[in-house]
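Observations on chain architecture
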Amino acid sequence: MIHYEGCPFCQSPNFQQKFKVKDYTVSGEFFIINQCIDCTGAFTQDIPSAEAIGSYYASENYISHSNTQEGFINKAYHWVRKRTLDSKKNLLKNKTGKSTGSVLDIGCGTGAFLDTMQKAGWNITGLEPDETARKNAIELFNIEGLEIYGNTI
C-alpha cells in the first residue's frame, strides 16, 4: 500500500478525510478519499502498490478498461459516461477559459475522455499503466502514443 504523509499534489501535510468509498465492482474493499486543505486536491489514501494494482483493473467487471456494452447496466454506463464526458469537457473549458489547448489524462483507461477532448480540438496525452486498456484505446478511439512509465505504445 502507498500511504501519503503529504498531499501528492502540493506536498502539504494538511489534509482530511472526505469520503470512505467501497469498490462494489471488483474488490469489495473500502478506500479513503482525502482532500488537501491547502490546494483542495482530492486523492485516494492507502492505494495498492504499483505491483498490486493491476488485479483491480484486470477484472472483466471493470468496464472502463473492458468497455463492454453487454447487458443493461453496461449500456446505461455508456449513456451516463457520454453525458459525463461532455460535462467534463465543458467544465475544463469553463475553468480554463480556453476553447482548445492541451490536456493530460493520468489513468486514461480506454481513452474515452481523451477521445472527447481530441474531437473538441484539444491536443491530448494519456498515461495508462494497464496494457489491455491502452490497446483498447488504440482499437476503440485510434488514440496512439499512450504512455506508461515513459514507454510509448
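Residues numbered from 1 in each chain as written. Predicted model: local features only at pLDDT ≥ 70, side-chain atom pairs only at ≥ 80, totals over all residues. Heavy atoms only, no water.

1. Considerations on the sheet that holds strand E1 (residues 15–22)
If you walk across this open sheet you meet the three strands as E1-E2-E3, and the pairing is antiparallel. Both edges of this open sheet fall to E1 and strand E3 (42–45), since each of them pairs with a single strand only. Here the average twist between neighbouring strands, direction ignored, is 35 degrees. One ladder, built from four bridges, connects strand E2 (residues 30–36) with E3; its direction is antiparallel. Its bridge partner being in E3, Gln35 is matched across the sheet by Ala42. (Pairing = 2+ DSSP bridges. Helix = DSSP H or I, 4+ residues; strand = E, 2+ residues; numbered from the N terminus. Axes fitted to C-alpha atoms, helices over the stretch in contact; angles between N-to-C directions.)

2. Details of the confidence of the model for the protein
The predicted structure's coordinates, where accompanied by low pLDDT, should not be read in detail. Residues of the protein with pLDDT of at least 70 account for 83%, and the chain-wide mean is 83. Between the elements of the protein, mean pLDDT differs from a low of 48, seen in strand E7 (residues 151–152), to a high of 95, seen in E2. Considering only residues more than four positions removed or in separate chains, one finds that residues 149–153, a stretch of pLDDT under 50, has twelve contacts. (pLDDT = per-residue confidence, 0-100. Contact = heavy atoms within 4.5 Å.)

3. Quick notes on the nonpolar core
Of all hydrophobic cores here, the largest spans ten residues; its members are Leu85, Val103, Cys108, Ala112, Phe113, Leu114, Met117, Trp122, Phe141 and Ile143. Among the elements that take part in this core, helix H4 (residues 112–119) stands out by supplying four residues, more than any other. (Core = buried A, V, L, I, M, F, W, Y, C linked by side-chain atoms within 4.5 Å. Buried < 20%, exposed > 50% of the residue type's maximum accessible area, 1.4 Å probe, protein only.)

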